[in-house]
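One-letter residues, chain by chain:
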Amino acid sequence: MRVVFPYFAQLHQVFHSLPIAAEMAIRHPDIDVHVAGIADVHLPLIRELLANHAPGARVQLDALRLPLLRQL
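Residues numbered from 1 in each chain as written. Predicted model: local features only at pLDDT ≥ 70, side-chain atom pairs only at ≥ 80, totals over all residues. Heavy atoms only, no water.

Chemist: Would you take a moment to explain the overall build of the protein chain for this structure?
Modeler: Looking only at helices and strands, the protein chain has three helices and three strands in total. Mapped from its N terminus to its C terminus, the protein chain presents α and β elements in the order β-α-β-α-β-α. In terms of C-alpha radius of gyration, the protein chain reaches 12 Å, essentially the compact-globule figure of 11 Å for 72 residues. When its C-alpha atoms are laid out on the principal axes, the protein chain stretches across 40 × 25 × 15 Å. Here the protein chain, with 72 residues, has 33% of them falling under the buried criterion. Restricting the contact set of the protein chain to residue pairs at least 6 apart, pairs at least 24 apart contribute 75%. (Helix = DSSP H or I, 4+ residues; strand = E, 2+ residues; numbered from the N terminus. Rg over C-alpha atoms; globule rule 2.2 N^0.38 Å. Buried < 20%, exposed > 50% of the residue type's maximum accessible area, 1.4 Å probe, protein only. Contact = heavy atoms within 4.5 Å.)

Shown next as structure tokens:
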């Protein structure tokens, strides 16, 4: 099973659900937990938060490349 947490809008979204993604990855190692965010906006913050607050969470980071959204 795979679960994806997508982030493509405001940064505050990360603070609302990243703890859930990390805890899911820790408690359920049989689930592939993916966190997808815009590479230059969300992923640096997500990496920092996971490293500092959930270093044991096996979360796959996926870069979203959405040039149209960036222009909007």
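Chemist: Can you help me understand the pattern of salt bridges in this one?
Modeler: Pairs can form between side chains of opposite charge once their charged atoms are near each other. In this structure the tally under the stated criterion is one salt bridge. Across the salt bridge formed by Glu23 and Arg27, the nearest N and O atoms sit 2.7 Å from each other. Placement of both Glu23 and Arg27 in helix 1 (residues 12-27) is noted, with a separation of four residues, approximately one turn of the helix. On the accessibility criterion, Arg27 (60% relative accessible area) is exposed. (Salt bridge = Lys/Arg side-chain N within 4 Å of Asp/Glu carboxyl O.)

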